[in-house]
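The residues making up each chain are set out below.
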Amino acid sequence: MKPLIEVQQVNKAFGGLQVINDCSIRVERGSITGMIGPNGAGKSTLFNLIAGALTPDSGRILLDGEDITALSADQRFHKGLLRTFQIAHEFSQMSALENLMMVPPNQAGENLFNAWFKPGLVRQQEAEVRRRALEVIEFVGLHHVRNELAGNLSGGQKKLLELGRTMMSDAKVVLLDEIAAGVNRTLLGDLMGNIERLNRELGYTFLVIEHDMDMISRLCDPVIVLAQGSVMIEGNIEEIRNNPAVIEAYFGTDAA
Ligand SMILES: Nc1ncnc2c1ncn2[C@@H]1O[C@H](COP(=O)(O)OP(=O)(O)OP(=O)(O)O)[C@@H](O)[C@H]1O
């Protein structure tokens, strides 16, 4: 079967610095693929290249077999390639529920033609969006704070809300960039449980960059280790943990 994401021999330099170096990865449909690597290995740069925030100097990026290298981040989003973003400042003054209701693209309410000529349709679609937002907020465990301003939520609750926002659109694959950072262990447990359920029950595919090894061990298979802009090794977490080259890349040659 075709991989959902395929990065083929991608290169990216900033000035004279070759940050991504003939890098090829595959993210299989239905997987939660982890990506780890030492600081500066190029993980965030690779995410930006996949999401469309950066353009590669050479190489191709495919989504479900289609070459998306020339598409903008927005066009990739509409094809179901989503990335969690921090809640933007302008949304912090809206309730958690309203934040979810803002997400769906192609809302009929934004279409002037529909607003003038099909007001019934707009009301019907708004009701549908609200129903879905209520389901999603229940799913991510934030029903009790649905009317709180997003800006007043704790760090961990904001991450759950970000995950909820990705669920409001039709995602094929979700890129998660260090979502464990700054989240307390209880909420992190909820977050991981929700990612597992999205994967198992709803068929979401994930690509996860994470420094938190507990999270990588619990969720991810396979795990890709990136070093100096290319793949050092890929395998399950045990293979990664026991690989001497990985130990050296993380801890230096003195590591026992
Ligand atoms: N826009 C940019 N301009 C110049 N250099 C950049 C730019 N973005 C990243 N770099 C450099 O590219 C290298 C890789 O950075 P990147 O953030 O992709 O690594 P990372 O693996 O995500 O690191 P970390 O784990 O610390 O987040 C670093 O040396 C960084 O300084």
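As recorded in an unreviewed UniProt entry, the protein goes by ABC transporter ATP-binding protein and comes from Vreelandella nigrificans.

Time to look at the overall build of the protein. For the protein, the count of helices and strands is 10 helices and 10 strands. Put simply, the protein has 256 residues, and 48% of those count as buried. Of the contacts made within the protein by residues no fewer than 6 positions apart, 68% connect residues no fewer than 24 positions apart. Per element, the accessible surface of the protein, about 12,800 Å² overall, is 49% carbon and sulfur.

The next thing to look at is the sheet that holds strand 5 (residues 66–67). The 4 strands are arranged 2-1-4-5 in an open sheet whose pairing can be described as antiparallel. The open sheet is flanked by strand 2 (17–27) and strand 5, the only strands paired with a single partner.

The subject of this paragraph is the side chain of T205. Along the chain, T205 falls in strand 8 (residues 205–209). Not counting the four nearest positions on each side in its chain, T205 is found in contact with L4, V27, E28, R29, G30, S31, K172, V173 and V174.

Our next topic: the sheet that holds strand 3 (residues 32–36). If you walk across this open sheet you meet the 6 strands as 6-7-8-3-9-10, and the pairing is mixed. Either end of the sheet is taken by a strand with one partner, and the two such strands are strand 6 (81–83) and strand 10 (230–235). For this sheet, the mean angle separating the axes of adjacent strands, direction not counted, is 20°. Inspection of the sheet shows strand 7 (residues 173–177) paired to strand 8 by 5 bridges, in the parallel sense. Looking at strand 8, one finds that D177 is bridged to I209. Running at roughly 150° to strand 8, helix 7 (residues 185–202) makes contact with strand 3, strand 7 and strand 8 of the sheet.

Moving on, we come to unusual backbone geometry. Residue P222 is reached from D221 by a cis peptide bond, and omega for that bond is 5°. Checked against the element boundaries, P222 lands in the loop between helix 8 (213–219) and strand 9 (223–227). The backbone phi angle of Q9 is positive, close to 45°, even though this residue is not glycine.

Another aspect to go through is the site of the ligand. Near the ligand the following residues occur: F14, L17, V19, P38, N39, G40, A41, G42, K43, S44, T45 and H211. Between the ligand and A41, the relevant distance is 3.1 Å, taken from an oxygen atom to a main-chain nitrogen or oxygen of the residue. Separating an oxygen atom of the ligand from a side-chain N or O atom of H211 is a distance of 3.1 Å. By residue number, the principal contributor to the shell around the ligand is helix 1 (residues 43–51), which donates 3 residues. Its residues assigned to classes, the shell around the ligand shows 5 nonpolar, 6 polar and 1 charged.

Moving on: the nonpolar core. Judged by nonpolar contacts, the single largest core of 47 residues is most densely connected at L176, I195, F206 and M215. Ranked by the residues each element gives to this core, the list is headed by helix 7, at 6 residues. Two domains each provide a minimum of three residues to this core, namely domain 1 (1–80 + 171–256) and domain 2 (87–169). Membership of the second largest hydrophobic core comes to 26 residues, among which are L4, V7, L207 and I209.

Procedures and definitions
- Residues numbered from 1 in each chain as written.
- Predicted model: local features only at pLDDT ≥ 70, side-chain atom pairs only at ≥ 80, totals over all residues.
- Heavy atoms only, no water.
- Helix = DSSP H or I, 4+ residues; strand = E, 2+ residues; numbered from the N terminus.
- Buried < 20%, exposed > 50% of the residue type's maximum accessible area, 1.4 Å probe, protein only.
- Contact = heavy atoms within 4.5 Å.
- Areas by Shrake-Rupley, 256 points an atom, 1.4 Å probe, with all protein chains shown as cover.
- Pairing = 2+ DSSP bridges.
- Axes fitted to C-alpha atoms, helices over the stretch in contact; angles between N-to-C directions.
- Near = heavy atom within 4 Å.
- Polar contact = N/O pair within 3.5 Å; in protein donor to acceptor, adjacent residues only side chain to side chain.
- Nonpolar A, V, L, I, M, F, W, Y, C, P; charged D, E, K, R; others polar.
- Core = buried A, V, L, I, M, F, W, Y, C linked by side-chain atoms within 4.5 Å.
- Domains from an automatic or database assignment.

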